[in-house]
Structure formats: structure tokens, C-alpha cells
Amino acid sequence: LREYFIGVGLVESFDKSLLLFKKLLNWNNIFYIRRNVTKNRPLKSDFSQETLNLIQKQNEFDLELYRYAAELFNEQVAQQGLSFEEDLQKFNQRNSLYGNTYGKLYLLASSTIKKFKN
């Protein structure tokens, strides 16, 4: 990961990852609309400790890779300097406005297109 990839992102830190890649790759306009978000996803607390232990055992190498990737991610974020957290807050506010505006338009357009296809 360190040698062959310019950056590492984490799903649970999606916005922070997106902003990091924006800076690393000099991207513009990284706004997005949330779609296909799982509703009623089971919580970790819904599973027995025995089941959680089995999942951990079966995914031992994935977890090791994840820990290493998270370490790299945290290093890369720290290298961005103190202004990164401020930039992240601004991005979150702007992306929220973007989603509220264009998300509604997108949903309206996609539902209209589905009606014409049927």
C-alpha cells in the first residue's frame, strides 16, 4: 500500500478519505449524493460474542491489512496539516447543501425516467 498507492481511504471516514484524495490527486468538485444506503443494517451488538470471534478468526488477514491501511490513512491525514480538519468541515457543509439541492433533483429525474421506461 505504501509503495504502490498514492493514498488509502477508509469507508467509515468516507468524507475525510475523499478530501484526502482530492488533495493528493488535485481533484476539483468532489461533491456527491448519498444513494443506496443500507437501511436497518444489523448492529454489532446484534451478534453474539461467539459469532464475532468466529468472524474475526476467519478474517484475520483482512483485519491485519485494515489495521495497516488505517495507520497509513492516519499518517496521510496528519501530513495534510492543521487546516485539513477545517477544510473537512467546509466540505461537509457544502456537500450537505449540494446533496439537499441536487439530490432532490436527481431523485425526481430518476423517478421520471423510470416512469417513461415502463
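Scoring rules and cut-offs
- Residues numbered from 1 in each chain as written.
- Predicted model: local features only at pLDDT ≥ 70, side-chain atom pairs only at ≥ 80, totals over all residues.
- Heavy atoms only, no water.
- Helix = DSSP H or I, 4+ residues; strand = E, 2+ residues; numbered from the N terminus.
- Salt bridge = Lys/Arg side-chain N within 4 Å of Asp/Glu carboxyl O.
- Buried < 20%, exposed > 50% of the residue type's maximum accessible area, 1.4 Å probe, protein only.
- Expected span 1.5 Å × (residues − 1).
- Contact = heavy atoms within 4.5 Å.
- Axes fitted to C-alpha atoms, helices over the stretch in contact; angles between N-to-C directions.
- Parallel < 35°, antiparallel > 145°, perpendicular 65-115°, else oblique.
- Left-handed = near helix turned anticlockwise from the far one by under 90°.
- Nonpolar A, V, L, I, M, F, W, Y, C, P; charged D, E, K, R; others polar.
- Lys, Arg positive; Asp, Glu negative; His and termini not counted.
- Polar contact = N/O pair within 3.5 Å; in protein donor to acceptor, adjacent residues only side chain to side chain.

Novice: Sorry, what's going on with unusual backbone geometry here?
Specialist: Outside of glycine, negative phi angles account for most residues, and trans bonds account for most peptide bonds. One non-glycine residue, Asn26, lies in the positive phi region at around 60°. Here Asn26 is to be found in the loop between α1 (14-25) and α2 (49-58).

Novice: Before we go on, may I ask you to explain the pattern of salt bridges in this structure?
Specialist: A side chain of one charge can pair with a side chain of the opposite charge when the charged atoms of the two come close. Applying the stated rule across the entire model yields 4 salt bridges. With its nearest N and O atoms 3.2 Å apart, the salt bridge here joins Glu85 to Lys16. On the criterion of sequence distance, the pair formed by Glu85 in helix α4 (residues 83-117) and Lys16 in helix α1 is long-range, its members being 69 residues apart. For Glu85, a relative accessible area of 39% corresponds to the partly exposed category. The class of Lys16 is partly exposed, set by a relative accessible area of 24%.

Novice: What's the story with α1 in this structure? I'm lost.
Specialist: Owing to its 3.6 residues per turn, the α-helix brings residues three or four apart onto one side. Taking 1.5 Å of rise per residue, 12 residues should cover 16 Å, and α1 covers 16 Å from first to last C-alpha, within 8% of that figure. Restricting attention to buried positions, one finds in α1 the residues Asp15, Ser17, Leu18, Leu19, Leu20 and Phe21. On its buried face, α1 is in contact with α3 (60-79) and α4. At the exit of α1 stands Asn26, carrying a positive phi of roughly 60°.

Novice: Would you explain the packing of α1 against α3 in this entry?
Specialist: Helices that pack against each other are described as a pair by the angle of their axes relative to one another and the distance between those axes. Where α1 meets α3, the axes come as close as 11 Å, and the angle between the chain directions of the two elements is 60°. In terms of orientation, α1 lies oblique with respect to α3. At the point where α1 passes α3, the crossing takes the left-handed sense. Each of Lys16, Ser17, Leu20 and Leu24 in α1 lies in contact with α3, whose residues at this interface are Phe73, Gln76 and Val77. Residue composition of the contact of α1 with α3, grouped by class: 4 nonpolar, 2 polar and 1 charged.

Novice: How do you make sense of the side chain of Asp15 when you look at a structure like this?
Specialist: Topologically, Asp15 is positioned in helix α1. Despite its burial, Asp15 pairs with no opposite charge, the nearest such side chain being Arg34 at 5.3 Å. A polar side-chain atom of Asp15 sits 2.3 Å from a polar atom in the side chain of Tyr32. When near neighbours in sequence (up to four residues on either side) are disregarded, Asp15 contacts Tyr32, Leu88, Phe91 and Asn92.

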